[in-house]
Amino acid sequence: GAVVSQHPSWVICKSGTSVKIECRSLDFQATTMFWYRQFPKQSLMLMATSNEGSKATYEQGVEKDKFLINHASLTLSTLTVTSAHPEDSSFYICSASSTSGETQYFGPGTRLLVL
Amino acid sequence: SQQGEEDPQALSIQEGENATMNCSYKTSINNLQWYRQNSGRGLVHLILIRSNEREKHSGRLRVTLDTSKKSSSLLITASRAADTASYFCASSPSGGSYIPTFGRGTSLIVHP
């Protein structure tokens, strides 16, 4: 099956710093990538959808200047949490879909802890 | 909101028993998918069922879809301790967008 990787798998940072998370589709070209946020014992909340070469579409309530998304190639999307604060601590998961778009393949997630 | 609702929120069974989880959604869909998530991990795709399908099987998994009731069920037969995980349904709305909306999930614990 299709493989999506995320890096890093976990990160601890100080409040005010920026953190970049990478999402890569390893064996297929991802036309669209999605970024989700998940709090403990809760569902996934879609943050934004990004298509290669165009600006990301953010969900209502998600600050685009806070969560910068870049989808520069068909195999890589990055999420940068700028000026992170403790309330940004969460589990961030990316997913990717190919041209057909029916199925999303998820990365293993990145756990962010902001002190 | 298209968000699905899973029922029950938590399920605890003994190994060998069957586990049934239900999912409801609000508007018409193109397809519905079930995912599994082990604690602290990403999601693993289990089954996709399209709006014109009523039932699909994959190994010990059986998914049904009732579009008239806007609901789906996931049945895991002969459960194993390794099936312990959270299970999410995700419904993709009809009308062109494939972006699915996830339900809150069912936390399944299978006791050995």
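Scroll up for the structure.
Since we're looking at a predicted model, the values are computed, not measured. (Residues numbered from 1 in each chain as written. Chains lettered and ligands numbered in written order. Predicted model: local features only at pLDDT ≥ 70, side-chain atom pairs only at ≥ 80, totals over all residues. Heavy atoms only, no water.)

Asks: How do you make sense of the nonpolar core when you look at a structure like this?
Replies: Grouped burial of nonpolar side chains is what soluble globular proteins tend to show. All names here are of chain A. Formed by 23 residues in total, the largest nonpolar core has its most connected members in Trp35, Leu79, Tyr92 and Leu112. Elements with a contribution of two residues or more to this core: β2 (10–13), β3 (19–25), β4 (32–38), β5 (44–51), β7 (67–73), β8 (76–81), β9 (90–97) and β11 (110–114). Apart from the residues within four sequence positions on either side, Leu112 is in contact with Val11, Cys13, Val19, Val81, Asp88, Ser89, Ser90 and Tyr92. (Core = buried A, V, L, I, M, F, W, Y, C linked by side-chain atoms within 4.5 Å. Buried < 20%, exposed > 50% of the residue type's maximum accessible area, 1.4 Å probe, protein only. Helix = DSSP H or I, 4+ residues; strand = E, 2+ residues; numbered from the N terminus. Contact = heavy atoms within 4.5 Å.)

Asks: Would you mind showing me how to read the pattern of salt bridges here?
Replies: Side chains that carry opposite charge are capable of pairing whenever their charged atoms lie near each other. Enumeration over the complete set of coordinates arrives at four salt bridges over all chains. Between Glu22 of chain A and Arg24 of chain A there is a salt bridge, with its nearest N and O atoms 3.4 Å apart. Judged by relative accessible area, Arg24 of chain A falls into the partly exposed class, the value being 34%. When the shortest N-O distance is used, the salt bridge between Asp83 of chain B and Arg60 of chain B registers 2.9 Å. (Salt bridge = Lys/Arg side-chain N within 4 Å of Asp/Glu carboxyl O.)

Asks: How should I be thinking about the interface of chain B and chain A in this particular structure?
Replies: The extent of an interface is frequently quoted as the accessible surface area lost upon association of the parts. Every contact between the two is made by 18 residues of chain B and, on the other side, 19 residues of chain A. Buried area between chain B and chain A, both sides added, is near 1,400 Å², and the carbon and sulfur share of it is 55%. Counting the contacts that link chain B with chain A gives zero salt bridges. At the level of elements, β4 (29–37) and β5 (43–50) of chain B are the ones that each hand at least two residues to the side of chain B that touches chain A. Across the side of chain B that touches chain A, the residue classes tally to eight nonpolar, seven polar and three charged. (Buried area = accessible area lost by both parts, 1.4 Å probe. Nonpolar A, V, L, I, M, F, W, Y, C, P; charged D, E, K, R; others polar.)

Asks: What is the right way to look at the packing of aromatic side chains in this model?
Replies: Geometrically, a pair of aromatic rings is defined through the distance of the ring centres and the angle of the planes. What the rule picks out here adds up to seven aromatic pairs over all chains. Look at Tyr36 of chain A and Phe102 of chain B: their rings are 5.5 Å apart centre to centre, the planes differ by 85°, and that puts the pair in the edge-to-face class. With Tyr36 of chain A in strand β4 and Phe102 of chain B in strand β10 (residues 101–102), this pair bridges two chains. On the accessibility criterion, Tyr36 of chain A (1% relative accessible area) is buried. Looking at Phe102 of chain B, the relative accessible area reads 3%, which means it is buried. Both rings, one in Phe106 of chain A and one in Tyr35 of chain B, keep their centres 5.1 Å apart while their planes meet at 80°; by these two values the pair is edge-to-face. A residue pair is termed interchain when its members come from two chains, as with Phe106 of chain A in strand β10 (residues 105–106) and Tyr35 of chain B in strand β4. By relative accessible area, Phe106 of chain A is classed as buried at 9%. (Phe/Tyr/Trp six-rings, centres within 6.5 Å; stacked < 30°, edge-to-face > 60°.)

Asks: Help me out: how do you make sense of the sheet that holds β7 of chain A in this one?
Replies: Two pairing modes exist for strands in a sheet, parallel and antiparallel, and in both the strands are linked by backbone hydrogen bonds. Residue and element names in this part refer to chain A. Pairing within the open sheet is antiparallel, and its four strands lie in the order β1-β3-β8-β7. Sheet topology places β1 (4–7) and β7 at the edges, where each strand pairs with a single neighbour. Averaged over all pairs of adjacent strands, the angle between strand axes in this sheet comes to 15°, irrespective of strand direction. Where β1 and β3 come together, four bridges link them in antiparallel fashion. Bridge pairing in β3 places His7 opposite Glu22. (Pairing = 2+ DSSP bridges. Axes fitted to C-alpha atoms, helices over the stretch in contact; angles between N-to-C directions.)

Asks: Sorry if this is basic, but what is going on with the side chain of Thr49 of chain A here?
Replies: One can find Thr49 of chain A in strand β5. By relative accessible area, which is 7% here, Thr49 of chain A ends up buried. Beyond its immediate stretch of four places on either side in the chain, Thr49 of chain A contacts Thr32, Met33, Phe34, Ala56 and Thr57 of chain A together with Ile99 of chain B.

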